[in-house]
Amino acid sequence: MGGRTHYIVQEKPAGLAHAVLMAKDFLGRDDFVMYLGDNLLSQGVREAIERFNKSRPDALIFLKEVEDPRRFGVACLDTGGNVTRLIEKPQEPPSNLALVGVYIFSNRIFNAIDRIKPSPRGELEITDAIQELLNMGHHVESQVLTGWWLDTGKKDDLLKANTIVLDEYTKHSIRGNVDALSDIEGRVTIAEGTNVINCKIRGPVRVGRDSTLENAFIGPFTSISDGVSVRNSGIEHSVILNNSVIDGIERLEDSLLGRNTRVVKNLNCPNALRLSISDDSVVEV
């Protein structure tokens, strides 16, 4: 698409508003989107950006109705949908509208951040900065999400996100090599360079490039990344990252495997495993 990526390192974990300050020189006077990487929105942000450009508030924040707003920053709105107050993790929430980790800002947010102090946990909170915009008399709009919002910061949340994304976006596309002994059912994507030998795959499933699946069952809602080897094993409802090896595991389910991991059968392997392991780990069972 012709885009370029710039990385700006936050010098210390001093809060989200501090992270915004780290980008001040790069952003200059431009408007910008702040999108926390562990958030997924079903509807994207294009329409919200168009609305921001048309109405020109100093912030547009995304909100979602939640069952337990005490776990989140919470917004109060007036009858026009304008934000009147923000509260971080209130014990007695004034509304059930939680802040989603996606924001659109004008450059006035920098002035607001300059005026706030670190929270009790020693961080410059983005919620406090948005509240300071309100205190300064600036306009903050909101957009209440009607579709799904997923925060993928934990294993179960990531697996839920994987399930929804596979269910909504997976198409049947076989670009790898599948032998005559294999059985492919449903919406399965297999990328170039991948070899499938004597396997049963039941979608929705995505398999990346240059992987090898042999004598394996790959069940629904499984994402397998590039360069993965799966032999003599069964996998379902799991995410397997790059260059991992799974060998001799009868059933691996509800699992998250980091990059360059190895899960192999040793002696008395249980019938079913549920794992969450980080990069470069080795598990023998």
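Residues numbered from 1 in each chain as written. Predicted model: local features only at pLDDT ≥ 70, side-chain atom pairs only at ≥ 80, totals over all residues. Heavy atoms only, no water.

A. How the structure looks around the UniProt feature "domain: Nucleotidyl transferase" (unreviewed entry) in the protein chain. According to UniProt, the positions carrying the feature "domain: Nucleotidyl transferase" (unreviewed entry) are residues 5-166. Across residues 5-166 one finds 31% helix and 26% strand; the C-alpha atoms that close the span lie 27 Å apart. (UniProt positions renumbered as here; feature names shortened; annotations may be inferred. Helix = DSSP H or I, 4+ residues; strand = E, 2+ residues; numbered from the N terminus.)

B. Local environment of the packing of helix H4 (residues 108-115) against helix H5 (residues 126-135). One can describe the packing of H4 onto H5 by two numbers: an axis separation of 8 Å at closest approach and a directional angle of 105 degrees. Here H4 lies roughly perpendicular to H5, going by the angle between them. Residues Arg108, Ile109, Ala112, Ile113 and Arg115 of H4 pack against Ala129, Ile130, Glu132 and Leu133 of H5. (Axes fitted to C-alpha atoms, helices over the stretch in contact; angles between N-to-C directions. Parallel < 35°, antiparallel > 145°, perpendicular 65-115°, else oblique. Contact = heavy atoms within 4.5 Å.)

C. Focus on the side chain of glutamate 253. Tracing the backbone shows glutamate 253 in strand E23 (residues 252-253). Judged by relative accessible area, which is 11%, glutamate 253 ranks as buried. A distance of 2.6 Å separates the side chain of glutamate 253 from the side chain of arginine 251, its partner in a polar contact. Side chain to side chain, glutamate 253 and arginine 274 meet in a polar contact 2.7 Å long. Those residues within four positions of glutamate 253 in sequence are excluded, and the remaining contacts are Glu236, His237, Ser238, Ala272, Leu273, Arg274 and Leu275. (Buried < 20%, exposed > 50% of the residue type's maximum accessible area, 1.4 Å probe, protein only. Polar contact = N/O pair within 3.5 Å; in protein donor to acceptor, adjacent residues only side chain to side chain.)

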